[in-house]
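The lines below spell out each chain.
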Amino acid sequence: QALFTRFLSLSPLDRASAAPLVLAFSEFDDSPEAWARYDKMSFRDLCRSLGVTKRMYDEAFEPMILTGLFAPGEQCSAAAALG
């Protein structure tokens, strides 16, 4: 989806704020340790802690979480969203 979605309505700063999520995705290896670490927080809280802007979250990530996991990011664990 990233190849087709350009998020043209988002500023370069908003888009750049999502970069730290790459580390979270790469760290999440589906191991029990990864689940224990990321299951303690919501996906929204993970995004906040990594500095994802509100606009980036609201316009890009929240719709993806709602579509993929059928719940808002505040109700989904970060582990469920990353896995």
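Given the structure is predicted, the values throughout are model-derived calculations rather than measurements. (Residues numbered from 1 in each chain as written. Predicted model: local features only at pLDDT ≥ 70, side-chain atom pairs only at ≥ 80, totals over all residues. Heavy atoms only, no water.)

A separate point is the packing of aromatic side chains. In the structure shown here, the tally under the stated rule is four aromatic pairs. Aromatic pair Phe 28 and Tyr 38: ring centres 6.0 Å apart, planes at 70 degrees, arrangement edge-to-face. Here Tyr 38 lies in helix α3 (residues 32-38) and Phe 28 lies in the loop between α2 (20-27) and α3, a separation of ten residues in the sequence. On the accessibility criterion, Phe 28 (9% relative accessible area) is buried. Each member of the aromatic cluster is reached from another via a ring pair, and the members are Phe 28, Trp 35 and Tyr 38. One Lys or Arg, Arg 44, reaches over the ring of Tyr 57 and ends 4.2 Å from the middle of that ring. (Phe/Tyr/Trp six-rings, centres within 6.5 Å; stacked < 30°, edge-to-face > 60°. Helix = DSSP H or I, 4+ residues; strand = E, 2+ residues; numbered from the N terminus. Buried < 20%, exposed > 50% of the residue type's maximum accessible area, 1.4 Å probe, protein only. Lys NZ or Arg CZ within 6 Å of the ring centre and 35° of its normal.)

Below, the discussion takes up the confidence of the model for the protein. For the protein, per-residue confidence averages 90 on the pLDDT scale, and residues scoring 70 or more make up 93% of the total. Taken element by element, the predicted model of the protein shows its lowest mean pLDDT in α2 (91) and its highest in helix α4 (residues 43-50) (97). (pLDDT = per-residue confidence, 0-100.)

Another point: the state of the cysteines. The final tally for this structure, using the stated rule, is zero disulfides. Free of any disulfide, Cys 47 has its nearest neighbouring cysteine sulfur in Cys 76, separated by 11 Å. For Cys 76, a relative accessible area of 8% corresponds to the buried category. (Disulfide = S-S within 2.5 Å.)

In contact at an axis separation of 9 Å, α2 and α4 are set at 130 degrees when each is read in the N-to-C sense. Overall, the two elements α2 and α4 adopt an arrangement that is oblique. The handedness of the crossing between α2 and α4 comes out as right-handed. Two secondary-structure elements touch here, α2 through Pro 20, Leu 21 and Ala 24 and α4 through Phe 43, Leu 46, Cys 47 and Leu 50. Its residues assigned to classes, the contact of α2 with α4 shows seven nonpolar, no polar and no charged. (Axes fitted to C-alpha atoms, helices over the stretch in contact; angles between N-to-C directions. Parallel < 35°, antiparallel > 145°, perpendicular 65-115°, else oblique. Left-handed = near helix turned anticlockwise from the far one by under 90°. Contact = heavy atoms within 4.5 Å. Nonpolar A, V, L, I, M, F, W, Y, C, P; charged D, E, K, R; others polar.)

Another aspect to go through is the pattern of salt bridges. Between side chains of opposite charge, a pair can form when the charged atoms approach closely. Evaluated as defined, the whole model comprises five salt bridges. We note a salt bridge from Lys 54 to Asp 58, for which the minimum N-O separation is 2.5 Å. Here Asp 58 and Lys 54 lie together in helix α5 (residues 54-69), a separation of four residues that amounts to about one turn. Judged by relative accessible area, which is 35%, Asp 58 ranks as partly exposed. Taken together, the shared-partner salt bridges connect Asp 14, Arg 55 and Glu 59 into one network. (Salt bridge = Lys/Arg side-chain N within 4 Å of Asp/Glu carboxyl O.)

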